[in-house]
Each structure stands twice: as structure tokens, then as C-alpha cells.
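# Remarks on the overall topology
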Amino acid sequence: MKIEMYLIRHAKTQGNMEKRYVGRTDENLCEEGREEIRNYIQKAMYPDVEAVFTSPLRRCKQTAALIYPEINNQIITGLEETDFGVFEYKNYDELNGDPTYQSWIDSNGTMAVPGAESSESFEKRISKGFGKVMLACEEQHIGRAACIIHGGIIMKLMQLYGEPKQDYYYWQMKNGCGIAAEVEIENENFVIRFRDWIRP
């Protein structure tokens, strides 16, 4: 089974505007984020789909309601953003000078952060969550779907399962933007074949 899948990062929140590490903090979209999405819609940036899947967090559900107001969200547990532990909802200015933060920066984000979700747990969780999306598409005979989720989730899914193979930060994108891909299951693993960027 092959599915046309559009992985779209949620619109901006106040925390995004302030360049904070917004993980499990469940905040609403800010007005700047809503307006940006409206502008993208006017540019016909988002493709038509048959189903919309979102993270349980409000910023994803609210973005989905703006982009696809006539399609009910299917909320998928497991696709929440990672928990940043002691860095959660802080920004560079607040963390600058913290030796733990500097060590994490020096490790290119690979070092374990106190109180944060482990890399292994994060990968298992989002793989299971994305599996729920694929199963729902199969059961509902969906051929074109959108996932309105978090930037870190999209980046990790593409690092793990994307083709062509690229590192994590290659797949970084702005709020409201995303990736058009073709997804199928081969040898019990996902294959997410990159087709194009979704951006203005």
C-alpha cells in the first residue's frame, strides 16, 4: 500500500516566536501564526487530502482546523513533540551560561538532557504513532493524507525512514511548512520517499 502523505509542521506559537524549546508545553497558536497560515492558504500551498491526522497538542489541532476546516482531525497519541526536560520552554538567552546546555549544544543535540525523553524512547514512540496513521489509512482506504505535527517529529521520521537518507537537521523547516512524500511499508519498516517541500 502506497500513500501520498503530507507532513506539515504546526503554525507558530508565542513560544516559537520567542525561540523557546516548546516540547510538551501545550500552548495555543499566536495570532501571527494564524495569519501566516491564512496567507499560505491564499497561495494554495496545501494539497487536498482525504484524511487529517494530528498530534494531541493544541497547536497541531488548531493548525489542522485552519488548513482543513471541513475534515475532522484524527488525533494520534505518540506524535507529541519530545519533552525537553530542564530546557523545556526556555530559550537561548535564559540558558546561556548553563554548563549542561553548553554541553548539549556541543554534542549537536545528541547528549541526554536531565528530565528529558531519551532518544530511544522518542524514536519508539513516534514510530508507533506513525504506525497508527498508516493502519488508519489502510482501514479507511485513504490514499492522500496530511499529518499536522511537530517539527521535531517530522525531522526524526525523515532521519529514520526518509529517502534519500539525510541527517536530522537537513529536514528542518519553518512553521506551517512541510514535506510531500510517498509512504509505504517494506520489510515491516516504513519508507518515506521525499517528493517535494511544502513552502511558499
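None of the values given here were measured: they were computed from a predicted structure. (Residues numbered from 1 in each chain as written. Predicted model: local features only at pLDDT ≥ 70, side-chain atom pairs only at ≥ 80, totals over all residues. Heavy atoms only, no water.)

Looking at soluble globular proteins, one finds that nonpolar side chains tend to be buried together. Core analysis: the biggest nonpolar cluster contains 50 residues, and Met5, Ile8, Tyr46, Phe53, Tyr68, Phe130 and Val133 have the highest contact counts within it. No other element matches the seven residues that helix α6 (residues 119-140) contributes to this core. Every residue in contact with Ile8, bar those within four places of it in the chain, is listed here: Tyr46, Ile67, Tyr68, Ala146, Cys147, Ile148, Ile149, Ile154, Gly176, Cys177, Gly178 and Ile198. Within the second largest apolar cluster, seven residues are counted, among which are Tyr21, Phe87, Tyr101 and Trp104. (Core = buried A, V, L, I, M, F, W, Y, C linked by side-chain atoms within 4.5 Å. Buried < 20%, exposed > 50% of the residue type's maximum accessible area, 1.4 Å probe, protein only. Helix = DSSP H or I, 4+ residues; strand = E, 2+ residues; numbered from the N terminus. Contact = heavy atoms within 4.5 Å.)

Take the packing of aromatic side chains next. Describing an aromatic ring pair means giving the distance of the ring centres and the angle of the ring planes. A full pass over the atoms with the stated rule returns 16 aromatic pairs. Ring geometry for Phe87 and Tyr101: centres 5.3 Å apart, planes at 90°, overall edge-to-face. Within this pair, whereas Phe87 is found in the loop between β3 (73-75) and α4 (92-95), its partner Tyr101 is found in helix α5 (residues 99-106), the two being separated by 14 residues in sequence. Exposure class is identical for Phe87 and Tyr101. Each is buried. An aromatic cluster is defined as three or more aromatic residues linked by ring pairs; in this entry it consists of Tyr21, Phe84, Phe87, Tyr92, Tyr101 and Trp104. (Phe/Tyr/Trp six-rings, centres within 6.5 Å; stacked < 30°, edge-to-face > 60°.)

Before going further, it helps to examine helix α7 (residues 151-161). Most of α7 is tucked away, with nine of its eleven residues classed as buried. Of all the residues in α7, the buried ones are Gly151, Gly152, Ile153, Ile154, Met155, Lys156, Leu157, Met158 and Tyr161.

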